[in-house]
Amino acid sequence: MLSFIWGRLTDEWFATSRAFLLFFVCSILTLALVPVFLGRISGREASRWLELFWGTIGVLGAPATLFLWIGMWRYWARLDRSSRWAKRLWFTVLLIGFWYGSVLYCYLVYLPQIRGKARQRNWHCC
């Protein structure tokens, strides 16, 4: 299943406005899950609406986190234009930081590089 999805996403797709938006939304969902991952969310005294909110974040956030993590690895391996030393540093961040590292990489490398490509191509991503 995963190879079916990733086989359809070409290297060129990573530089599209749709990919830019999708990875940005995935990063926000990943950050929204931080309190859940840290055990700060307790369902015992939560209202039904709060339970619904956190349930929705969990259902959407889990695949979003995985998609972001794998997507940032693929971008790093195939498309990142950073220097050799920067790529080594980001390899360590992605390897040790898991999804938190992928959020950092997304904000500090992927989004700025894609934004630069967007300016060159004259399409509006942000």
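Up top is the structure.
Residues numbered from 1 in each chain as written. Predicted model: local features only at pLDDT ≥ 70, side-chain atom pairs only at ≥ 80, totals over all residues. Heavy atoms only, no water.

Asks: Honestly, the overall build of the protein in this entry has me stumped. Any pointers?
Replies: Broken down by element type, the protein carries five helices and zero strands. From first element to last, N terminus to C terminus, the protein shows the α and β order α-α-α-α-α. A burial count over the protein gives 35% of its 126 residues as buried. The contacts of the protein with a sequence gap of at least 6 include a subset with a gap of at least 24, amounting to 73%. As displayed, the protein offers around 8,300 Å² of accessible surface, 66% of which is attributable to carbon and sulfur atoms. (Helix = DSSP H or I, 4+ residues; strand = E, 2+ residues; numbered from the N terminus. Buried < 20%, exposed > 50% of the residue type's maximum accessible area, 1.4 Å probe, protein only. Contact = heavy atoms within 4.5 Å. Areas by Shrake-Rupley, 256 points an atom, 1.4 Å probe, with all protein chains shown as cover.)

Asks: I'm lost on the nonpolar core in this one. Help?
Replies: Nonpolar side chains in soluble globular proteins tend to be buried together. Formed by 28 residues in total, the largest nonpolar core has its most connected members in F23, M72, Y105 and Y110. At the level of secondary structure, the elements contributing two or more residues to this core comprise α2 (17-32), α4 (48-78) and α5 (84-121). Discounting chain neighbours no more than four positions away, the residues touching F23 are W13, F14, F67, L68, G71, M72, C106 and Y110. (Core = buried A, V, L, I, M, F, W, Y, C linked by side-chain atoms within 4.5 Å.)

Asks: Is there a simple way to explain the side chain of D80 in this structure?
Replies: Summarising the element assignment, D80 is placed in the loop between α4 and α5. K87 provides the closest opposite charge to the buried, unpaired D80, separated from it by 5.3 Å. One polar contact links D80 to Y105, side chain to side chain, over a distance of 2.8 Å. Excluding residues within four positions of it along the chain, D80 makes contact with Y75, K87, Y105, V109 and Q113. (Lys, Arg positive; Asp, Glu negative; His and termini not counted. Salt bridge = Lys/Arg side-chain N within 4 Å of Asp/Glu carboxyl O. Polar contact = N/O pair within 3.5 Å; in protein donor to acceptor, adjacent residues only side chain to side chain.)

Asks: Just checking my understanding: could you explain the packing of aromatic side chains for this structure?
Replies: Tallied over the entire structure, the rule returns 18 aromatic pairs. Geometrically, the ring pair formed by F14 and F23 is stacked, given 5.6 Å between the ring centres and 20° between the ring planes. Taking the relative accessible area as the measure of exposure, F23 reaches 0% and is therefore buried. Residues F98 and W99 carry aromatic rings whose centres are separated by 6.0 Å and whose planes lie at 40° to one another, so their mutual orientation is tilted. (Phe/Tyr/Trp six-rings, centres within 6.5 Å; stacked < 30°, edge-to-face > 60°.)

Asks: So what exactly am I meant to see when it comes to the pattern of salt bridges here?
Replies: Here the idea is simple: oppositely charged side chains can pair when their charged atoms come close. Enumeration over the complete set of coordinates arrives at two salt bridges. One salt bridge connects D11 with R74, and the closest N-O pair in it is separated by 3.3 Å. Separated by 63 residues along the polypeptide, D11 in the loop between α1 (2-8) and α2 and R74 in helix α4 bring together distant segments of the chain. Close ionic contact of R78 with D11 constitutes a salt bridge, the shortest N to O distance being 2.8 Å. One end of the pair, R78, is in helix α4; the other, D11, is in the loop between α1 and α2, and 67 residues separate them in sequence. Judged by its relative accessible area of 18%, D11 is buried. Through salt bridges with shared partners, one network takes in D11, R74 and R78.

Asks: What am I meant to see in the packing of α2 against α4 here?
Replies: How two helices sit against one another is set out by the angle between their axes and by the gap between those axes. Contact pair α2 / α4: the axes reach a minimum separation of 7 Å and the direction vectors enclose 125°. By the angle between their axes, α2 is oblique relative to α4. Handedness of the crossing formed by α2 with α4: left-handed. Contact residues: L22, F23, C26, S27, L29, T30 and A32 in α2; W54, I57, L60, G61, A64, T65, F67, L68, G71 and M72 in α4. A per-class count over the contact of α2 with α4 returns twelve nonpolar, five polar and no charged. (Axes fitted to C-alpha atoms, helices over the stretch in contact; angles between N-to-C directions. Parallel < 35°, antiparallel > 145°, perpendicular 65-115°, else oblique. Left-handed = near helix turned anticlockwise from the far one by under 90°. Nonpolar A, V, L, I, M, F, W, Y, C, P; charged D, E, K, R; others polar.)

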